[in-house]
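Letter by letter, the chains look like this.
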Amino acid sequence: MTDLSSFEQFKAGLRGELLRPGDASYDDARKIWNGMIDKRPALIARCAGVADVIHSVNLAHVNNLLVAVRGGGHNIAGNAVCDGGLVIDLSRMKGVRVDTARRTARAEPGVTWREFDHATQTFGLATTGGQISTAGIAGLTLGGGWGYLARKHGLACDNLLSVDLVTADGQFLTASAAENADLFWGLRGGGGNYGVVTSFEYQLHTVGPVFAGIVAYPIQKAKTVLELFRQVTSAAPDELACDIVFINLPDGTPIVGMNICYNGPIAEGERVVRPLRSAGSPVLDQVGPIPYTAAQQLLDSFYPFGLQSYWKSSFLKEISDGAIDTMVAYCGRRPTPICHGIIEHQLGGAVRRADREATAFAHRDVEYSFMSLGVCADPGDAEICVRWAREFWAAMQPYSTGGVYVNYLGREADEGPERIKAAYGPEKYARLVALKNKYDPTNLFRLNQNIKPSQAAPAAISA
């Protein structure tokens, strides 16, 4: 792609926009949610539909180009962009179609959860989606996908009925339980390793108003609140999802807060949630009946576009006294007000009861996920935030299962290949490698939490 004629020929075959360095929209197009990522692709193909995706994949395949695939939302690891290669940008593919009779929805890969929920909640329906509405449906679903509805209705990948995708050799396939079933298994948890998904079909569920919101206490009550969180969540019904987080409110007040969502009868939700609101005098209590779409947006202001973000994560065996003490100690010395630690209680229930062999998602016996998040607005603070997040994560490892959620993994250079294997376990990882050998033996789709094929792939070239 170094000569102008090749560039113009490729551009002429696109219905969408093609950008390269120097174009007016290029710098905005190469930015992603994580401000720590600063990469400069040679080409950005803003696809308008499936034909553009096929055209772009064929270009990368024939020329052995380094290729990144971008969906519609976040990308903590920075794999949605690349230096010197081709970005297949799906963020403008925004179609959503709801079938109320079948209670299904088909959505394109540029859709965010806010857009998806807007479409489905018009009919009182929803499926399990991310807790931040600006996250994209594509990456979250392909990595497993938990959220407020997971304990009641399963992971996002458990509710996936079919996908359309373009494989590394430019073939357009449908994968479902009845068609290309081996590929369908790998796509539900195996991430973006097997192709570019151009549409997702989901099972929907009736979801009305929820009893949800944020209750926060002074940081000095952190240990008491963590113990209360442990007590309530250990016996929680499937309808309850809850996170606990150490962070500062926008006014600077350091707090230990709980983000709560009960998906069921409002009166029952009020009863179940009451103990979480009884740890003394909260500095904030905004829990009550709200639309599900509002619950999905509760955390958006804490995760704006462009912050410097570094995450480390592990599943927890349990919330032990040692884990509580470690959380309190490290979150008492956060280097910036927006660095934070989280324990999520989004698993268990329907996630645990699902067929363990039906998907590539491997960690169905755990209930808690821990995250240390080194976050800052000033790039000058990034180094100290990263160091704090790593040290915090290391201190929590005695309480870890050793597993990790693939969607929370950072850059491979930081995590290492063993961490990717830990996301799946040895048996499922071996099965994913076999699928990679079949569908992407040259590892064209390598900018992801990469399942490497058995044969060494040739080095990709820049465009």
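See the structure above.
How each quantity is defined
Residues numbered from 1 in each chain as written. Predicted model: local features only at pLDDT ≥ 70, side-chain atom pairs only at ≥ 80, totals over all residues. Heavy atoms only, no water. Helix = DSSP H or I, 4+ residues; strand = E, 2+ residues; numbered from the N terminus. Rg over C-alpha atoms; globule rule 2.2 N^0.38 Å. Buried < 20%, exposed > 50% of the residue type's maximum accessible area, 1.4 Å probe, protein only. Contact = heavy atoms within 4.5 Å. Areas by Shrake-Rupley, 256 points an atom, 1.4 Å probe, with all protein chains shown as cover. Axes fitted to C-alpha atoms, helices over the stretch in contact; angles between N-to-C directions. Parallel < 35°, antiparallel > 145°, perpendicular 65-115°, else oblique. Left-handed = near helix turned anticlockwise from the far one by under 90°. Phe/Tyr/Trp six-rings, centres within 6.5 Å; stacked < 30°, edge-to-face > 60°. Pairing = 2+ DSSP bridges. Salt bridge = Lys/Arg side-chain N within 4 Å of Asp/Glu carboxyl O. Expected span 1.5 Å × (residues − 1). Arc of directions from axis to C-beta. Polar contact = N/O pair within 3.5 Å; in protein donor to acceptor, adjacent residues only side chain to side chain.

With that settled, consider the overall build of the protein. Secondary structure summary: the protein contains 16 helices and 19 strands in total. What you see for the protein is a C-alpha radius of gyration of 22 Å, in line with the 23 Å of a compact globule of 463 residues. Each principal axis of the C-alpha distribution contributes one length, and for the protein these read about 70 × 55 × 45 Å. For the protein, the residues scored as buried account for 58% of the 463 residues in total. The contacts of the protein with a sequence gap of at least 6 include a subset with a gap of at least 24, amounting to 73%. Looking at the protein as shown, the accessible area adds up to about 17400 Å², and 52% of this sits on carbon and sulfur atoms.

Now for the packing of helix α11 (residues 321-331) against helix α13 (residues 382-396). Between α11 and α13, the shortest axis-to-axis distance is 10 Å and the interhelical angle comes to 165 degrees. As judged from the angle between their axes, α11 and α13 are roughly antiparallel. Like other packed secondary-structure pairs, α11 and α13 cross with a definite hand, here right-handed. Each of Ala-323, Thr-326, Met-327, Tyr-330 and Cys-331 in α11 lies in contact with α13, whose residues at this interface are Trp-388, Glu-391, Phe-392, Ala-395 and Met-396.

What follows concerns the packing of aromatic side chains. Per the counting criterion, the structure on display carries 15 aromatic pairs. Judged by centre distance (6.4 Å) and plane angle (75 degrees), the ring pair of Phe-361 and Tyr-405 falls under edge-to-face. On the criterion of sequence distance, the pair formed by Phe-361 in the loop between α12 (350-353) and β19 (368-376) and Tyr-405 in the loop between α13 and α14 (412-415) is long-range, its members being 44 residues apart. When sorted by exposure, Phe-361 lands in the same class as Tyr-405, which is buried. In this structure an aromatic cluster arises from ring pairing among Trp-33, Trp-146, Trp-311, Phe-315, Phe-361, Tyr-405 and Tyr-408.

Sheet architecture is open: 5 strands sit in the order β5-β6-β10-β8-β9, paired in antiparallel fashion. Edge positions in the sheet fall to β5 (96-99) and β9 (172-176), since each of these pairs with one other strand and no more. Each adjacent strand pair in this sheet contributes to an overall mean axis angle of 15 degrees, direction not counted. In this sheet, β9 lies alongside strand β8 (residues 160-166) in antiparallel orientation, the contact comprising 5 bridges. By the bridge assignment, Leu-165 is partnered in β9 with Leu-173.

Attention now moves to the side chain of Thr-359. Of note, Thr-359 is situated in the loop between α12 and β19. Excluding anything up to four places from it in sequence, Thr-359 contacts Cys-157, Asp-158, Trp-185, Arg-188, Arg-364 and Lys-428.

The side chains of a regular strand alternate between the sheet's two faces. Side chains of strand β2 (residues 43-46) alternate between two faces, with Leu-43 and Ala-45 and Ile-44 and Arg-46 buried alike. Pairing analysis gives 3 bridges linking strand β1 (residues 17-19) to β2, with the strands arranged antiparallel. Bridge assignment links Leu-18 to a residue of β2, and that residue is Ala-45. The pairing of β2 with strand β4 (residues 86-89) spans 4 bridges and is parallel. When the sheet's bridge partners are listed, Ile-44 is paired in β4 with Val-87.

Here we come to the pattern of salt bridges. Throughout the structure, instances matching the rule amount to 31 salt bridges. As a salt-bridge pair, Arg-102 and Glu-201 come within 3.2 Å of each other at their nearest N and O atoms. A residue pair is termed long-range when its members are at least 10 positions apart, and Arg-102 in the loop between β5 and β6 (104-107) and Glu-201 in strand β10 (residues 196-203) qualify at 99 residues. The class for Arg-102 is partly exposed, based on a relative accessible area of 49%. By relative accessible area, Glu-201 is classed as buried at 10%. Linked by salt bridges that have partners in common, Glu-17, Arg-46, Asp-89 and Arg-92 make up one network.

A few words now on helix α16 (residues 426-439). With 14 residues, α16 extends 20 Å from end C-alpha to end C-alpha; this agrees with the ideal 20 Å at 1.5 Å per step. Those residues of α16 that sit buried are Lys-428, Tyr-429, Leu-432, Val-433, Leu-435, Lys-436 and Tyr-439. Down the axis of α16, the sector holding all buried residues measures 160 degrees, keeping them to one side. Facing away from the buried side of α16 by more than 90 degrees, the exposed set consists of Pro-426, Glu-427 and Lys-438. Packing partners of the buried residues in α16 comprise β9, α7 (181-187) and α15 (417-422).

With that out of the way, let us pick up the side chain of Gln-131. Mapped onto the secondary structure, Gln-131 falls in the loop between β7 (125-126) and α5 (137-142). A relative accessible area of 8% places Gln-131 in the buried class. Engagement of the side chain of Gln-131 in a polar contact is seen with the side chain of Asp-243, the distance being 2.5 Å. Non-local contacts of Gln-131, meaning those with residues more than four positions away in its chain, are made with Trp-146, Gly-147, Tyr-148, Asp-243, Asn-259, Gln-296, Leu-299, Glu-344 and Gln-346.

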